[in-house]
Amino acid sequence: MSMQKECLYWSHLTLCNLKYAKFEHEQLKLDLLKKVFLEVDGSFPSCRRRLRVLSANSSLFSPLEFACQKLELKANQINAVLNDSNEIRPLDVKGLQLLLQGAVMPTVNAGPLSYAEAFTQPEQKKRYGDDGMHVLELSFRKLMSACDKALQVNETVIAADQQTYHEVLLASFEAMHERLSGFFGNSCLRIHEFQFRDVQPQEGIADGQKSAMRVLHTISGVTPTS
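Residues numbered from 1 in each chain as written. Predicted model: local features only at pLDDT ≥ 70, side-chain atom pairs only at ≥ 80, totals over all residues. Heavy atoms only, no water.

### Quick notes on the overall build of the protein chain
Quick note on the threshold: Helix numbers and strand numbers start at the N terminus; a helix is a DSSP run of H or I with at least 4 residues, a strand a run of E with at least 2. Exposure classes here rest on a 1.4 Å probe applied to the protein chains alone. A residue is buried below 20% of its type maximum, exposed above 50%, and partly exposed in between. By the convention used here, residues are in contact when the closest approach between their heavy atoms is within 4.5 Å. What sets the accessible areas is the Shrake-Rupley method with a 1.4 Å probe; for residues, cover comes only from the shown protein chains.
Along the backbone of the protein chain there are seven helices and three strands. Listed by position from the N terminus, the elements making up the protein chain come as α-β-β-β-α-α-α-α-α-α. Looking at the protein chain as a whole, 35% of its 226 residues are labelled buried. Considering only intrachain contacts with a sequence separation of at least 6, the fraction spanning at least 24 residues in the protein chain is 65%. As displayed, the protein chain has an accessible area near 14000 Å², and 52% of this comes from carbon and sulfur atoms.

Here is the structure:
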């Protein structure tokens, strides 16, 4: 067993500090996140069905803090896939593409963009102030930076029959960046940090976003909802 696998193995054993999270509201602007931290008598996994709780502490995170955590979690997931590949372990191309699709495609990026739309409203800016908006902006920078790196890597590893898929992802990334620039301002996401490429629309995907989505669903094996 390699040192890395051995460390991963032991990191999931003899646990005595656990946590779980739950949501307090369903509306995005009121979506409080409550994290509960538990210390138990003994270690987990255990042959006992129940372990006595020695202490319990909880923390509440505001809707803006929760949104930033979600954005940074997505960025960390993408970076983890990129950093996990080496000479022995090949890059998980399919996993990387699914994470990219979940971050930038219009049918599913209502999550990231809905945070920008919700928390840049005047009442939300007044509620959280400049410091809160700066934290949200930094979280979006991390996500966009991770997506940009992933797109650069994806461009070097895809097969010829996935070129259209990559171009749709790239076009969606640029469209998402344009919308975020509208929410935060042209300079907030540091456009010069991203290595944009000129996308030449191919026949069959230049008729609008709906055609591009059909191409993406066909290549990635996703069943369209409509």
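### Examining the confidence of the model for the protein chain
Convention followed: The pLDDT score gives, residue by residue, the confidence of the prediction method on a 0 to 100 scale.
Chain-level pLDDT for the protein chain is 75 on average; 65% of the residues reach the 70-or-more range. Taken as a whole, residues 195-226 scores under 50 in pLDDT and shows 48 contacts with residues more than four places along the chain or in a different chain.

### Let's talk about helix α5 (residues 122-157)
Inclusion rule: Helix span is expected to be 1.5 Å times the residue number reduced by one. The quantity called bend is, for any residue, the angle between two axes fitted respectively to the seven residues ending at it and the seven beginning at it.
Between its first and last C-alpha atoms α5 spans 43 Å; for 36 residues at 1.5 Å apiece the expected length is 52 Å, and the helix comes up short by more than 12%. At G129, α5 shows its largest bend, some 105°.

### What about helix α3 (residues 93-104)?
Owing to its 3.6 residues per turn, the α-helix aligns residues three or four sequence positions apart on the same side. For α3, with 12 residues, the first-to-last C-alpha span of 16 Å sits near the 16 Å given by 1.5 Å per residue. Residues of α3 that are buried: G95, L96, Q97, L99, L100, Q101, A103 and V104.

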